[in-house]
Amino acid sequence: QVQLVESGGGLVQAGGSLRLSCAASGRTFRPYSMGWFRQAPGKEREFVARIIRIGGITAYADSVKGRFTISRDDAQNTVSLQMNSLKPEDTAVYYCAAQEYYRDVFRSPRAYDNWGQGTQVTVSS
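Numbering of residues starts from 1 in every chain and runs along the sequence as written. For a predicted model such as this one, the threshold for reporting local features is a pLDDT of at least 70, and the threshold for listing and counting side-chain atom pairs is 80 or more; totals across whole chains, interfaces and linings nevertheless cover every residue. For side-chain calculations, the full set of non-hydrogen atoms in the structure is used, while hydrogens and water are omitted.

### Quick notes on the overall build of the protein chain
A count of helices and strands for the protein chain gives zero helices and eleven strands. Labels follow the DSSP assignment, with helices taken as runs of H or I lasting at least four residues and strands as runs of E lasting at least two, numbered in each case from the N terminus. Written out in order from the N terminus, the α and β elements of the protein chain read β-β-β-β-β-β-β-β-β-β-β. Put simply, the radius of gyration uses C-alpha atoms, and a globule should come to 2.2 Å times the residue count raised to 0.38. Computed over C-alpha atoms, the radius of gyration of the protein chain comes to 14 Å, within 12% of the 14 Å expected from 2.2 N^0.38 for 125 residues, which places it in the range of a compact globule. Dimensions of the protein chain, computed from the C-alpha atoms along their principal axes, are close to 40 × 25 × 25 Å. Between buried and exposed lies partly exposed: a residue is buried under 20% and exposed over 50% of the maximum accessible area for its type, with that area taken using a 1.4 Å probe on protein chains only. By the burial criterion, 44% of the 125 residues in the protein chain qualify as buried. Here the protein chain has roughly 6600 Å² of accessible surface; of this, 47% comes from carbon and sulfur atoms. Of note, the protein chain has its 15 positive side-chain charges centred 2 Å away from the centre of its 11 negative side-chain charges. Throughout, the Shrake-Rupley method with a 1.4 Å probe supplies accessible areas, and for residues the shown protein chains are the sole cover considered. Note that His is not counted, nor are the chain ends; the positive residues are Lys and Arg, and the negative ones are Asp and Glu. A charged residue contributes its charge at one atom only: NZ of Lys, CZ of Arg, CG of Asp or CD of Glu.

This is how it looks when you write it as structure tokens:
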């Protein structure tokens, strides 16, 4: 069984930065892609970013493009999300997710097979 564990959340002022990390453990794990989603209170879980394991192709939500960067470390089996120029509207629980095999959609939570427990990010104004 694969476990995904997020870390790095916290409280930051608007304009600040945070770096989230997601570590995978368990059986040999070679997912097709890894993604980050977030969920604010009363809202649906939304796509943030995604990286394909082979080739490193990335995709971002329009709301974070130019501010967030997703990266991976295959040797460490981790994926990270560098978040800069944070805004109060970025406040949410951030979740790491793994897509074990190719699907032609990746912005829906339903396209992912494994999830972390989430880490809280709070941006104060």
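Now that the structure is up, let's keep going.
### What about the packing of aromatic side chains?
The aromatic pairing rule takes the rings of Phe, Tyr and Trp, using the six-membered ring of Trp, and pairs them if the centres are within 6.5 Å, calling planes under 30 degrees apart stacked, those over 60 edge-to-face and the rest tilted. On inspection of all chains with the given rule, the structure shows seven aromatic pairs. Ring centres of Phe-37 and Phe-47 lie 5.7 Å apart, and the angle between their planes is 75°; this geometry places the pair in the edge-to-face category. With a gap of ten residues between them, Phe-37 in strand 4 (residues 33-39) and Phe-47 in strand 5 (residues 46-52) connect regions that are remote in the sequence. No difference in accessibility class separates Phe-37 from Phe-47, as the two residues are buried. An angle of 65° between the planes, with centres 5.6 Å apart, marks the rings of Phe-47 and Phe-106 as edge-to-face. A residue pair is termed long-range when its members are at least 10 positions apart, and Phe-47 in strand 5 and Phe-106 in the loop between strand 9 (92-99) and strand 10 (114-115) qualify at 59 residues. The same class applies to Phe-47 and to Phe-106, which are both buried. Cation over ring: Arg-45 sits above Tyr-95, and NZ or CZ is 3.7 Å from the ring centre. Cation placement over rings: the criterion is NZ of Lys or CZ of Arg within 6 Å of the ring centroid and within 35° of the ring normal.

### Some points on the state of the cysteines
In plain terms, two cysteine sulfur atoms within 2.5 Å form what is called a disulfide here. All told, the structure shown has one disulfide when counted by the stated rule. Disulfide pairing is shown between Cys-22 and Cys-96; the S-S distance is 2.0 Å. Residues Cys-22 and Cys-96 are joined by a disulfide whose S-S torsion is about -75°; by sign, that bridge is left-handed. Taken together, the residues span a long stretch of sequence, with Cys-22 in strand 3 (residues 18-25) and Cys-96 in strand 9 at a distance of 74 residues. For the pair Cys-22 and Cys-96, one class covers both residues: buried.

### Digging into the sheet that holds strand 3
Strands pair, by our definition, only if DSSP identifies at least two bridges between them. Read from one edge to the other, the open sheet built from four strands follows the order 1-3-8-7, with strand pairing classed as antiparallel. Two strands lie at the open edges of the sheet, namely strand 1 (3-7) and strand 7 (68-73), each paired on one side alone. With direction set aside, neighbouring strand axes in the sheet form an average angle of 15°. Across six bridges, strand 3 lies against strand 8 (residues 78-83) in antiparallel orientation. Considered in strand 8, the bridge of Ser-21 is made with Ser-80. Between N-to-C directions, angles cover 0 to 180 degrees, with each direction set by a line fitted to C-alpha atoms, over the stretch in contact for helices.

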